[in-house]
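# Tertiary structure, described
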Protein chains: 2
Amino acid sequence: MAITSFNPPVRTLMGPGPSDVHPRVTGAMARPTIGHLDPAFVGMMDEVKTMLQYAFQTKNQLTIPVSAPGSAGMETTFQNLLERGDKAIVCQNGVFGGRMKEVVERCGATAIMVEDDWGKPVDPDKLEEALKANPDAKVVAFVHAETSTGVQSDARLLCEIARRFDCLTIVDAVTSLGGTPIRVDEWKIDAIYSGTQKCLSCTPGLSPVSFSDRAVDVIKARTHPVQSWFLDLNLVMGYWGSGQAKRAYHHTAPINSLYALHEALVLLQEEGLENAWARHEMNHRALRAGLEAMGLSFLVAEDYRLPQLNAVNIPEGVDEAAVRNKLLSDYSLEIGAGLGTLAGKVWRIGLMGHTSDMKNVMYCLGALEAVLMEMNAPIETGAITAAQQAVA
Amino acid sequence: MAITSFNPPVRTLMGPGPSDVHPRVTGAMARPTIGHLDPAFVGMMDEVKTMLQYAFQTKNQLTIPVSAPGSAGMETTFQNLLERGDKAIVCQNGVFGGRMKEVVERCGATAIMVEDDWGKPVDPDKLEEALKANPDAKVVAFVHAETSTGVQSDARLLCEIARRFDCLTIVDAVTSLGGTPIRVDEWKIDAIYSGTQKCLSCTPGLSPVSFSDRAVDVIKARTHPVQSWFLDLNLVMGYWGSGQAKRAYHHTAPINSLYALHEALVLLQEEGLENAWARHEMNHRALRAGLEAMGLSFLVAEDYRLPQLNAVNIPEGVDEAAVRNKLLSDYSLEIGAGLGTLAGKVWRIGLMGHTSDMKNVMYCLGALEAVLMEMNAPIETGAITAAQQAVA
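Our subject in this report is the structure included herewith. Only a predicted model underlies this, so the values are computations on that prediction, with no experimental measurement involved.

### A few points about the overall build of chain A
Helices and strands together make up the secondary structure of chain A, namely 13 helices and 13 strands. A compact globule built from 392 residues should have a C-alpha radius of gyration of about 21 Å, and chain A, at 21 Å, falls within 12% of that. Considering only C-alpha atoms, chain A reaches an extent of 65 × 55 × 50 Å along its principal axes. The buried share of chain A, reckoned over its 392 residues, is 65%. Here the contacts in chain A between residues at least 6 apart in sequence split such that 72% fall between residues at least 24 apart.

Below you can see the structure in the form of structure tokens.
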């Protein structure tokens, strides 16, 4: 039987990503493909770099999108900065710190783990102790915004501590970029990676990264080549350039995906970064008020909560998967399940990028209330009114 | 100054890839993004696998698109099949065999090189000699269709020889898949990778791969983990599945790029693989007749020429870059430069996928004739008539 064209359902994406994509972004993606060395394309690449510098708040020359998803961005930072035998301190307070450990070890390096409970931020004192105990550590790595728990760590402070011990820093900003403040230069971050499918509200598949000059010097001075030819920044820099006119072919860039990122960054620039942060904060306030009015509670303490990713404790006796399935089938609304040790314990409700909109807050609260009522869960009514009042 | 939306020029892409993308493919790419674990998306993934099996002519369960361009597909095959200390025989007759060597060495393995002149196919006798001299070799790797030269090697014979010596085979089919016959099962290929932006006429950014059961057994029995977490097929298989119902999250798939690949494969299925091969062959015949009528010659001997990629010797005294620049600026027509040792010596004219069309053959011949005439190059007229007669 012949397979025919795929027409996806129209969803409201309120999980941990991908988020809803602005129609201008999918529209840009459908524009005619041109060559990866076409002068017109090279001009667009320069604009993408400039707008990524704005999003990351940096002047770093090496600020580019890696031609693969966020996990490849993670590998790009570790594989380029670490050599076999190096030591890295990895702070773990969720799934993605654990992935960092895996990546460090696959580089032939040692990972010294600094562990905190899932749902708690990284403890700066523990990091400092680990640095004192490991004066030969080369890198400190942590997740700014843990997508698995919805917790935010104090990136500025953690980077300051690492720098006192002369360590390079690697920061996972997959879920934070564009949704919550990141200031790469001010916080003196050495290497940072993100994804396009979260608060930038672009289609998934690319990973914006940025490296300080100090980090670039380390990459250029390596004694052994980077394990991955594809992710070797010494080669990638020849294509993405840093000042020089001529671009050398490395790999064929994902042309149309880069059109989409360009448009997503134009949208961010039009709105203004501070306004985008404020919008994420405001819609979070509304959602929080609604959920609390319903009688639901958050996994993460208020001070460390990410506005764009809300981990909500599942009320006792509720079949969490049945709720998600019903939201998807009856409301075409996607919310996220718990990941790792939090599987079955929380829902993750995303308000990222284009999804972070009062209409979606209302829709989600209304649908969730209806589904939970139908299942006889012990919840209160009045969520939508509470949400509206919270931002009135 | 604010950066505004990017509107690319409309090109005719007759270089070594990307090729022109069918409007149905870019249209599919613009469809609404859904989640990477959405049941609707998982259904689409299964269809992509089925249609890739058709394109590769295989029943291999592990037939999937890697979420990154062809060079990441290359790394996927080598990194998963090789461990530190292993030995691989790499046949080089162009740029991409050289890249294979780089990748082998970055895996901590040894590359035994079998070298042939650029523009010549891989010599089966030389491979056999190398296998006799290296009975401990684990892998034989070669490029089926060398994008840098336009030459085709005898993949069936090379695989047969490798198998006699009990070696796994890795085949680069970046430029061949969909344009010229590949029969993975019949030829007993163990690992093969391709790109989406060549004869599949999809946007760049994904790399279809396929692994025999024998290769999968080797991957499952590794003593050390794959260097790259992102490309580790033991993990990727959990997401792309092989029979089991439940998909485990690994990385966020490039959703919209996969819509595009799905549509490109539906188009291939509608046309029929044999018809696509025949179309590539026919349009090559027309182009060849036109170029020869002009007095131009080919780099590669007729028997080994790829129909989809034509390496044309640059006539004496002609400024080859000026010709390409003029074709791009005056005709919005992209043809490719020479790569590596062939830089400045050949043009590469692609007739891949949706680009492989009689209208494009005519357009290219007409534009090239006009530009060369204008530059007083020593060429004959009558190219278009010759092209038409060749396929009449």
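### Section: the side chain of Glu369 of chain A
Tracing the chain through its elements places Glu369 of chain A in helix 12 (residues 358-374). One buried charged residue, Glu369 of chain A, remains without a salt bridge, the closest side chain of opposite sign being Lys326 of chain A at 15 Å.

### As for the pattern of salt bridges
The tally for this structure, following the rule as stated, stands at 44 salt bridges over all chains. We note a salt bridge from Arg11 of chain B to Asp38 of chain A, for which the minimum N-O separation is 2.6 Å. One end of the pair, Arg11 of chain B, is in the segment before strand 1 (12-14); the other, Asp38 of chain A, is in the loop between helix 1 (23-29) and helix 2 (39-56), on a second chain. The pair Arg11 of chain B / Asp38 of chain A is uniform in exposure class, with both members buried. Across the pair Arg279 of chain B and Glu271 of chain B runs a salt bridge whose closest N-O atoms are separated by 2.7 Å. With relative accessibility at 28%, the residue Glu271 of chain B sits in the partly exposed group.

### A few points about the relation of the copies chain B and chain A
With an axial shift of 0.0 Å and an RMSD of 0.0 Å, the rotation relating chain B to chain A amounts to 180°. A rotation of that kind, with that shift, is consistent with a two-fold axis.

### A short note on the environment of Leu339 of chain A
Examined against the element boundaries, Leu339 of chain A turns out to sit in the loop between strand 12 (333-337) and strand 13 (346-350). Residue classification places Leu339 of chain A among the buried positions, given a relative accessible area of 17%. Each C-alpha atom of the pair Leu339 of chain A and Asp46 of chain A lies 37 Å from the other, and the pair is 293 residues apart in sequence. Excluding residues that lie within four positions of it along the chain, Leu339 of chain A makes contacts with Val95, Phe96, Trp118, Ser148 and Arg348 of chain A together with Tyr249 of chain B.

### Let's talk about the interface of chain B and chain A
At the interface, 73 residues of chain B touch 73 residues of chain A. Taken over both partners, the interface formed by chain B and chain A buries close to 5800 Å², and the fraction arising from carbon and sulfur atoms is 62%. The largest share of the area that chain B buries against chain A comes from Ile3, Phe6 and Arg106 of chain B, three residues that together contribute 14% of it. Our count for the contact surface shared by chain B and chain A stands at 4 salt bridges. Our enumeration of links across chain B and chain A arrives at 22 residue pairs in polar contact (both at pLDDT 80 or more).

### A few points about the sheet that holds strand 10 (residues 207-211) of chain B
Residues and elements named next belong to chain B. Strand order in the open sheet formed by 7 strands is 2-10-9-8-5-3-4, and the pairing between neighbours is mixed. Only two strands of the sheet have a single partner each, and these edge strands are strand 2 (62-66) and strand 4 (110-115). Here the strands of the sheet are splayed against their neighbours by 15° on average, with no regard to which way each runs. As defined by bridge partners, strand 9 (residues 191-193) adjoins strand 10 across 3 bridges and the pair is classed as antiparallel. Of the residues in strand 10, the one forming a bridge with Ala191 is Phe211. Set on the sheet, helix 3 (residues 70-81) makes contact with strand 2, strand 5 (139-143), strand 8 (168-172), strand 9 and strand 10; between it and strand 9 the angle comes to about 165°. Against the sheet, helix 8 (residues 233-240) engages strand 2 and strand 10, with an angle of about 95° to strand 2.

### Some points on the pairing of strand 4 (residues 110-115) of chain A
Residues and elements named next belong to chain A. Alignment of strand 3 (residues 87-92) against strand 4, held across 6 bridges, turns out to be parallel. Counted as the bridge partner of Ile89 is Ile112 from strand 4. Between the parallel pair strand 3 and strand 4, the chain is carried across by helix 4 (residues 95-106), and the sense of this crossover is right-handed.

### Some details on the pairing of strand 13 (residues 346-350) of chain B
Most of strand 13 of chain B is tucked away: 5 of the 5 residues are buried. Residue alternation in strand 13 of chain B divides its side chains into two sets, Val346, Arg348 and Gly350 of chain B and Trp347 and Ile349 of chain B, and both sets are buried.

### Points about the state of the cysteines
Counting across every chain of the model gives 0 disulfides over all chains. You can see Cys107 of chain A has no disulfide; the closest cysteine sulfur is in Cys107 of chain B, sitting 13 Å from it. With no disulfide partner, Cys364 of chain B has as its closest neighbouring cysteine sulfur the one in Cys199 of chain B, 16 Å distant.

### Some details on the environment of Asp166 of chain A
Residue and element names in this part refer to chain A. Here Asp166 is to be found in the loop between helix 6 (155-164) and strand 8 (168-172). A relative accessible area of 60% places Asp166 in the exposed class. Asp166 sits 28 residues away from Lys138 along the chain, and the two C-alpha atoms are 7.8 Å apart.

### Considering the environment of Pro121 of chain B
Residue and element names in this part refer to chain B. With respect to the helices, strands and loops of the structure, Pro121 is situated in the loop between strand 4 and helix 5 (124-133). Taking relative accessible area as the criterion, Pro121 reaches 15% and is therefore assigned buried. In this structure, the C-alpha to C-alpha distance between Pro121 and Asn93, residues 28 residues apart in sequence, is 6.8 Å. Excluding its chain neighbours within four sequence positions, the residues that come into contact with Pro121 are Asn93, Asp116, Val151, Gln152, Ser153 and Tyr304.

### Observations concerning helix 7 (residues 213-220) of chain A
Residue and element names in this part refer to chain A. Among all positions in helix 7, only Ala215, Val216 and Ile219 are buried. Taken end-on, helix 7 shows its buried residues confined to a sector of 100°, consistent with a single buried face. Across from the buried face of helix 7, at angles greater than 90 degrees, the exposed residues are Asp213, Asp217 and Lys220. At its buried positions, helix 7 is contacted by strand 2 (62-66), helix 3 (70-81), strand 8, strand 10 (207-211) and helix 8 (233-240).

### A look at the sheet that holds strand 13 of chain B
All names here are of chain B. Taken together, the 4 strands give an open sheet; going across it, the order is 1-12-13-11, and neighbouring strands pair in mixed fashion. On the outer flanks of this sheet lie strand 1 and strand 11 (309-313), each paired with one strand and no other. Along the sheet, successive strands turn relative to each other by an average axial angle of 30°, direction set aside. Across 5 bridges, strand 11 lies against strand 13 in antiparallel orientation. If you follow Leu309 over to strand 13, its bridge partner there is Gly350. Against the sheet, helix 11 (residues 320-331) contacts strand 12 (333-337) and strand 13, and its axis sits at roughly 160° relative to strand 12. Those strands touched by helix 12 (residues 358-374) are strand 1, strand 12 and strand 13, and its axis lies near 85° from that of strand 1.

### What about the side chain of Ser67 of chain B?
Position of Ser67 of chain B among the secondary structure elements: in the loop between strand 2 and helix 3. Excluding its chain neighbours within four sequence positions, the residues that come into contact with Ser67 of chain B are Ala68 and Pro69 of chain A together with Gly205, Leu206, Phe230, His251 and Pro254 of chain B.

Each value, and the rule that gives it
Residues numbered from 1 in each chain as written. Chains lettered and ligands numbered in written order. Predicted model: local features only at pLDDT ≥ 70, side-chain atom pairs only at ≥ 80, totals over all residues. Heavy atoms only, no water. Helix = DSSP H or I, 4+ residues; strand = E, 2+ residues; numbered from the N terminus. Rg over C-alpha atoms; globule rule 2.2 N^0.38 Å. Buried < 20%, exposed > 50% of the residue type's maximum accessible area, 1.4 Å probe, protein only. Contact = heavy atoms within 4.5 Å. Lys, Arg positive; Asp, Glu negative; His and termini not counted. Salt bridge = Lys/Arg side-chain N within 4 Å of Asp/Glu carboxyl O. Least-squares fit on C-alpha atoms with pLDDT ≥ 70 in both. Buried area = accessible area lost by both parts, 1.4 Å probe. Polar contact = N/O pair within 3.5 Å; in protein donor to acceptor, adjacent residues only side chain to side chain. Pairing = 2+ DSSP bridges. Axes fitted to C-alpha atoms, helices over the stretch in contact; angles between N-to-C directions. Right-handed = clockwise from strand over helix to strand, strands pointing away. Disulfide = S-S within 2.5 Å. Arc of directions from axis to C-beta.

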